[in-house]
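# What the coordinates show
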Amino acid sequence: MSAILDRVPGQDAAMAFLSGAAERPHHAYVFAGPEGSGKSIAARAFVAALLCPDGGCGACRSCRLVLEDHHPNVFLVEPEGRDIHVDTIREEIWTPAYRTAPEPGRKVFLIREADRLSPAAADTLLKVLEEPPADSVLLLMSARAHELPDTVLSRCHVVTFTALSETFVVDVLAGEGVDETRARLAARLAGGNLGRARRLATAVDGLRFREAGERAVSLAAEGSTGALEAADVVLAAAAEYKKGLKAELETALAPFVDEKGRPEDAYRGAIKRIEIRFHRRERRAERDYIDWELLAVSSLLRDRIADAIGGGSDLFMNPDLVPDDRLSIVRAARALAGIEQARADLAEDLNLNPRLLLERAFLRLAELAA
């Protein structure tokens with residue numbers, strides 16, 4: 001197995017298959033498995049193995065760019081809104097698939113949440129799958145691969161990923177030097193998603209969203225005025241997070257500009273794709289961060305319920321915190337339902353006003369705490 005494929009933990013069968021596939025790849029693969037099972041980590045490793053001159057050394061320029069999602073020969077497609085639209089497939093897969101790659105070597109097209117392809121987008125993708133360019137490999141990732149059209153699935157090798165246990169995620173993080181309590185906290189808040197848990201556990205500000213969530217719960221428990229202030233706290237934290245993304249764009253573009261900061265001609269297409277992905281991420285940033293904040297609030301309320309029924313810290317999502325006892329078990333359960341409904345509403349309605357959603361959720365919490 002290549003050096004970089006060997007780094008993907010917990011998916012031995014999938015990685016053994018991909019190690020052999022990297023030498024003589026098929027034109028298309030579906031990475032199927034639940035959220036948090038390591039599909040994204042495995043996809044980056046597999047793409048690095050496909051593009052690296054040494055089969056995935058993990059240290060060269062090519063590998064580094066792949067692992068950062070910035071390689072000019074990798075075309076990354078994600079949903080814009082709820083779906084992946086036909087125009088996106090035409091512009092980001094169909095057209096570049098039949099053109100020369102920005103750099104020598106293969107082109108790789110990576111489609112995240114592929115089950116969200118619109119019918120027209122799936123039909124357009126099928127045409128590429130039916131007549132694939134010899135230098136292209138397509139990777140489709142999905143937690144709901146069964147929802148992909150049979151015509152698409154039948155033209156791809158399906159690589160199955162299984163769910164990672166909390167114990168496994170904690171052991172991996174602890175083996176990387178993370179304190180066990182922090183590793184367990186990160187694993188639980190990340191829902192067992194190893195990559196996300198690693199970011200929460202190791203980034204300096206990885207748990208900042210929880211701090212804002214704690215502050216919001218405390219304020220909302222004081223009454224309606226505090227509930228409105230709690231919404232302000234969450235929105236301010238989300239705005240700060242979004243602001244911090246600016247520096248990431250400059251870092252991402254650095255390998256493709258000259259000493260005066262001007263784009264190199266060969267990489268203009270790659271630069272445009274990086275900028276498009278960044279702006280999409282920036283548009284999602286506030287909503288994503290608000291969801292993290294609501295997740296933190298939800299976890300605190302859940303811990304209150306677990307504590308009230310006699311559960312110990314081994315059952316807490318926040319094992320490093322003592323649950324707030326200001327809410328009874330019944331009120332905590334009702335508040336938890338309200339917060340989870342807010343998260344569902346946020347995910348479902350892309351035009352929902354975040355402030356109104358937060359104010360409604362925290363006013364409900366304040367009412368129950370009274």
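As shown above, the structure is provided for reference.
If you're wondering where the values come from, they're calculated on a predicted model, not measured in any experiment. (Residues numbered from 1 in each chain as written. Predicted model: local features only at pLDDT ≥ 70, side-chain atom pairs only at ≥ 80, totals over all residues. Heavy atoms only, no water.)

### Section: the layout of surface pockets
Space inside the second largest pocket adds up to approximately 440 Å³. Forming the walls of the second largest pocket are 21 residues, and the residues nearest its centre are Phe 75, Glu 91, Pro 96, Gly 269 and Arg 273. Those elements giving two or more residues to the lining of the second largest pocket turn out to be strand E2 (74-77), helix H4 (86-97) and helix H13 (268-308). Residues belonging to the lining of the second largest pocket are distributed by class as follows: 9 nonpolar, 3 polar and 9 charged. (1 Å grid on protein atoms, 1.4 Å probe; cavity = no way out; pocket = protein on both sides within 12 Å on 5 of 7 lines; lining within 4 Å. Points joined across faces, edges and corners; volume = space filled by probe spheres on them. Helix = DSSP H or I, 4+ residues; strand = E, 2+ residues; numbered from the N terminus. Nonpolar A, V, L, I, M, F, W, Y, C, P; charged D, E, K, R; others polar.)

### Comments concerning helix H1 (residues 12-21)
Restricting attention to buried positions, one finds in H1 the residues Ala 14, Met 15, Leu 18, Ser 19 and Ala 21. Projected onto a plane normal to the axis of H1, the buried residues spread over an arc of 160 degrees and lie on a single side. Residues Asp 12 and Ala 13 are exposed on H1 and point more than 90 degrees away from its buried face. Elements that come into contact with the buried residues of H1 comprise strand E1 (28-32), helix H2 (39-51) and strand E5 (157-160). (Buried < 20%, exposed > 50% of the residue type's maximum accessible area, 1.4 Å probe, protein only. Arc of directions from axis to C-beta. Contact = heavy atoms within 4.5 Å.)

### Considerations on the packing of aromatic side chains
Scanning the entire structure with this criterion turns up 10 aromatic pairs. Judged by centre distance (5.4 Å) and plane angle (65 degrees), the ring pair of Tyr 241 and Trp 292 falls under edge-to-face. Residue Tyr 241 is found in helix H11 (residues 224-244), and its partner Trp 292 is found in helix H13; the two are separated by 51 residues along the sequence. For Tyr 241, a relative accessible area of 23% corresponds to the partly exposed category. Take Trp 292: its relative accessible area is 30%, and that puts it in the partly exposed class. The structure contains a cluster of three or more aromatic residues connected by ring pairs, namely Phe 17, Tyr 29, Phe 31, Phe 46 and Phe 161. (Phe/Tyr/Trp six-rings, centres within 6.5 Å; stacked < 30°, edge-to-face > 60°.)

### What to know about the packing of helix H12 (residues 246-253) against H13
One way to put it is that H12 packs onto H13 with a least axis distance of 10 Å and a crossing angle of 165 degrees. Considering their axes alone, H12 and H13 lie roughly antiparallel with respect to each other. Relative to H13, the crossing made by H12 is right-handed. Residue-level inspection shows Lys 246, Glu 248, Leu 249, Ala 252 and Leu 253 of H12 in contact with H13, the latter providing Ile 271, Ile 274, Glu 275, Phe 278, Arg 281 and Glu 282. Partitioned by chemical class, the residues of the contact of H12 with H13 number 6 nonpolar, no polar and 5 charged. (Axes fitted to C-alpha atoms, helices over the stretch in contact; angles between N-to-C directions. Parallel < 35°, antiparallel > 145°, perpendicular 65-115°, else oblique. Left-handed = near helix turned anticlockwise from the far one by under 90°.)

### Considering the side chain of Asn 193
Following the sequence through the fold, Asn 193 ends up in the loop between helix H8 (180-189) and helix H9 (194-202). Separated by 3.2 Å, the side chain of Asn 193 and the backbone nitrogen of Gly 195 make a polar contact. (Polar contact = N/O pair within 3.5 Å; in protein donor to acceptor, adjacent residues only side chain to side chain.)

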